[in-house]
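Structural characterization, general
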Amino acid sequence: MSIYLSIILPVHNEAEVIAETHRRVQAVCEAVGQPYEILVVNDGSTDGTWDLLRGLAQRDPHLVAVDLSRNHGHQLALTAGLAQARGERVLIMDADLQDPPELLPDLMRALDDGADVAYAQRRTRLGDAPLKRFFCAVFYRGLARIADVPVQLDSGDFRLLSRRVVDALGRMPERHRFLRGMISWLGYRQVPVFYDRGARHAGESKYPFRKLVKLALDAVVSSSLRPLSFALVVGGLTGLIGVALLGYALFSWLFVGQTPAGWTSLLIAIVLMGSLQLLMLGILGEYLGRIYIQTRGRPIYLVNQVVGGEHAAAPLDSRPSAP
Ligand code: UDP
Ligand code: MG
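Residues numbered from 1 in each chain as written. Chains lettered and ligands numbered in written order. Predicted model: local features only at pLDDT ≥ 70, side-chain atom pairs only at ≥ 80, totals over all residues. Heavy atoms only, no water.

A look at the confidence of the model for the protein
How we decide: Summary of the metric used: pLDDT quantifies the predictor's per-residue confidence within the range 0 to 100. Any two residues whose heavy atoms approach within 4.5 Å are treated as being in contact.
With 95% of its residues at a pLDDT of at least 70, the protein reaches an overall mean of 89. Within the model, pLDDT remains below 50 along residues 319–323, and this stretch shows twelve contacts once partners closer than five positions in the same chain are excluded.

As for the pattern of salt bridges
We apply this condition: In the sections that follow, a salt bridge refers to a side-chain nitrogen of Lys or Arg positioned within 4 Å of a carboxyl oxygen of Asp or Glu. Strands here mean DSSP runs of E at least two residues long; helices mean DSSP runs of H or I at least four residues long; both are numbered from the N terminus. A 1.4 Å probe rolled over the protein chains alone gives each residue an accessible area, and that area as a share of the maximum for its type sets the label: buried under 20%, exposed over 50%, partly exposed in between.
The tally for this structure, following the rule as stated, stands at 18 salt bridges. The partner of Asp196 in a salt bridge is Arg123, with the nearest N and O atoms 3.3 Å apart. Of this pair, Asp196 sits in strand S7 (residues 190–196) while Arg123 sits in strand S5 (residues 117–124), and the two are 73 residues apart along the sequence. Overall, the relative accessible area of 41% leaves Asp196 in the partly exposed class.

Side note on the site of ligand 1
Under the convention used in this document: It suffices for a single heavy atom of a residue to lie within 4 Å of a molecule or strand for the residue to be listed as near it. Polar contact criterion, stated in full: a pair of N or O atoms within 3.5 Å, where within protein one must be able to donate a hydrogen and the other to accept it, and residues adjacent in sequence count only if both atoms are side-chain atoms. Surface accessibility follows the Shrake-Rupley procedure with a 1.4 Å probe radius. Residue values consider only the protein chains on display as shielding. As a working rule, the residues Ala, Val, Leu, Ile, Met, Phe, Trp, Tyr, Cys and Pro are called nonpolar, Asp, Glu, Lys and Arg charged, and the rest polar, with Gly in that last group.
Around ligand 1, a shell composed of 19 residues is seen, among which Glu14, Asp43, Asp96, Ser205 and Lys206 lie nearest. The separation between an oxygen atom of ligand 1 and a polar side-chain atom of Asn71 is 3.1 Å. Residue His74 places a main-chain N or O atom 3.5 Å away from a nitrogen atom belonging to ligand 1. In the complex, 96% of the free accessible area of ligand 1, which totals 530 Å², lies under the protein chains. Classifying every residue of the shell around ligand 1 by side-chain character gives four nonpolar, six polar and nine charged.

Quick look at the structure:
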């Protein structure tokens, strides 16, 4: 029997929520009434999540548990799930129930109506800290201004994808993945479905500040080349200021008879120019490092084992195949 619907749940230390998430996802899938699979990707958990998953897989024939070789990060865990998914439609969502599985019928309806991507857009986001909400809102609006592709505001990875979108993603071999941006790049018809985002069911966020910054950098670098031209613009501007200052110095030497005093202004100029140059080097480095990592051509993640479903014989490592 071919699978119609795949649900992908990436988990990193979610022992406190996984049973409840499984229960709620199972309920909505049963209500859809089509053959389905629940793919849980264990992203290097150290808290007993994997043992729980193995137990769940024994009881639920719909559950496929994929164990990555270590913590590869949320975006790669999703990628591993996408590579394993067999469904005609694939739902990706967080495992902590901040993304309510009960939105599935609405998302399905959008695909029935001809969309290829139905992305869940937050109407409210009361479950997250105010400071995080503020920075995310500012960041994504800034990203929208510089990105080469449309940025879907107020939405995360919670979305339902058609088979051709999943196949297309499998042909995008980049190592530093920002899936939302990659999906947006694909085009086709992408429509929002609105929901209210609550708080985590249990446990703490598995996205510490460090991982958020990494994701933000990946988002910018993978969506835009504009930071590179930033150097040109700033260089041009400081050049103009330099020429103006030179004119001023020459003028006062020739006509006033003295060179302008200004140890402080000199030092400010030196420090400012030095930090600007380092900033530009840093921006270059972000792009350069990614080029280096990509050229090594390593698999982007490794799978340790797959339990449940008919997946026992699935390949043990995977990289999105080149087109
Ligand atoms: N996650 C993951 N690998 C990681 C970090 C997080 O698979 O390295 C999963 C996590 O278990 C959850 C989802 O990604 O299912 C979103 O993480 P979380 O809810 O902690 O992020 P937040 O909602 O706080 O931004
Ligand atoms: Mg969360």
